[in-house]
Amino acid sequence: MTELVLNDLAHPPLDGDWEYALRIPSSPFGPGIVRAHVRAVLTRHRTNPTVLDNAQLVASELVTNSLACTRDSIAVRLVRTGGRLRLSVWDSSPYPPPRWPGPVSGPELDAESGRGLWLTRACADEWGHYLLINGRRNGGGKEVWAEWRTPDA
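These numbers come from a predicted model, not from an experiment.

### Here's the deal with the overall build of the protein chain
Thinking step 1. Assigned secondary structure in the protein chain consists of 4 helices and 5 strands.
Thinking step 2. When its helices and strands are written in sequence order, the protein chain yields α-β-α-α-β-β-α-β-β.
Thinking step 3. Out of the 153 residues in the protein chain, the part that is buried amounts to 39%.
Thinking step 4. Partitioning the intrachain contacts of the protein chain with sequence separation of at least 6 by distance along the chain shows that 61% fall at a separation of at least 24.
Thinking step 5. Summing over all exposed atoms, the protein chain offers an accessible surface of approximately 9100 Å²; the carbon and sulfur share of this is 55%.

### Section: the nonpolar core
Thinking step 1. Counting residues in each nonpolar core, the largest one holds 26 residues, and the members touching the most others are Val38, Leu42, Leu85, Leu87 and Trp148.
Thinking step 2. At the level of secondary structure, the elements contributing two or more residues to this core comprise β1 (18–24), α2 (30–44), α3 (49–69), β2 (74–81), β3 (84–91), α4 (116–123) and β5 (141–149).
Thinking step 3. For this core, the element with the most residues is α3, which contributes 7 residues.
Thinking step 4. Setting aside its immediate chain neighbours within four residues, valine 38 contacts Ala55, Gln56, Ala59, Leu78 and Leu87.

### Considerations on the side chain of serine 60
Thinking step 1. Looking at where serine 60 falls in the secondary structure, it is placed in helix α3.
Thinking step 2. The class for serine 60 is buried, based on a relative accessible area of 10%.
Thinking step 3. Of note is the side chain of serine 60, whose polar atom sits 2.7 Å from the side chain of arginine 35.

### Things to note about the packing of α3 against α4
Thinking step 1. For the pair α3 and α4, the least separation of the axes is 9 Å and the interaxial angle reads 150°. Here α3 is positioned roughly antiparallel relative to α4, judged by the angle of their axes. Between α3 and α4 lies a crossing of left-handed hand. Taking contact as the criterion, the partners of Asn54, Leu57, Val58, Glu61, Leu62 and Asn65 in α3 are, on α4, Gly116, Leu117, Leu119, Thr120 and Cys123.
Thinking step 2. Residue composition of the contact of α3 with α4, grouped by class: 6 nonpolar, 4 polar and 1 charged.

The rules behind each value
- Residues numbered from 1 in each chain as written.
- Predicted model: local features only at pLDDT ≥ 70, side-chain atom pairs only at ≥ 80, totals over all residues.
- Heavy atoms only, no water.
- Helix = DSSP H or I, 4+ residues; strand = E, 2+ residues; numbered from the N terminus.
- Buried < 20%, exposed > 50% of the residue type's maximum accessible area, 1.4 Å probe, protein only.
- Contact = heavy atoms within 4.5 Å.
- Areas by Shrake-Rupley, 256 points an atom, 1.4 Å probe, with all protein chains shown as cover.
- Core = buried A, V, L, I, M, F, W, Y, C linked by side-chain atoms within 4.5 Å.
- Polar contact = N/O pair within 3.5 Å; in protein donor to acceptor, adjacent residues only side chain to side chain.
- Axes fitted to C-alpha atoms, helices over the stretch in contact; angles between N-to-C directions.
- Parallel < 35°, antiparallel > 145°, perpendicular 65-115°, else oblique.
- Left-handed = near helix turned anticlockwise from the far one by under 90°.
- Nonpolar A, V, L, I, M, F, W, Y, C, P; charged D, E, K, R; others polar.

Treat this as a map of the structure, not an account of what it does.
Structure below.
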């Protein structure tokens, strides 16, 4: 049997699989709060700096999109498993992101929106979305996710 020492709570293991979740209210402060959360978690786990920077940017963009789609709270999850990092953002809107990326070249230069998912595609190894129904996470909505391979820092 392993004895848990209080100090161990402040210093969790850095390797292996882990998961963090954060629920935020619909607020203009959301993207900044999520960026700080992602930076704190990934810095503590000594994540590769490029992955850390890309995950922060993508988290901010996905939360901003969620705020445009719903007035309900938003859930953010970071999961590292099997050498991959997945960031997912859930909101209660059942509709796919409003500007699903089109051309590889990105949005028109004078477009007022549409860059968030283009940046997500450029910064993540993989990404996508799921529509959720039948009682999962408050009865529905969608989850938009991005994933990275996580080489050592």
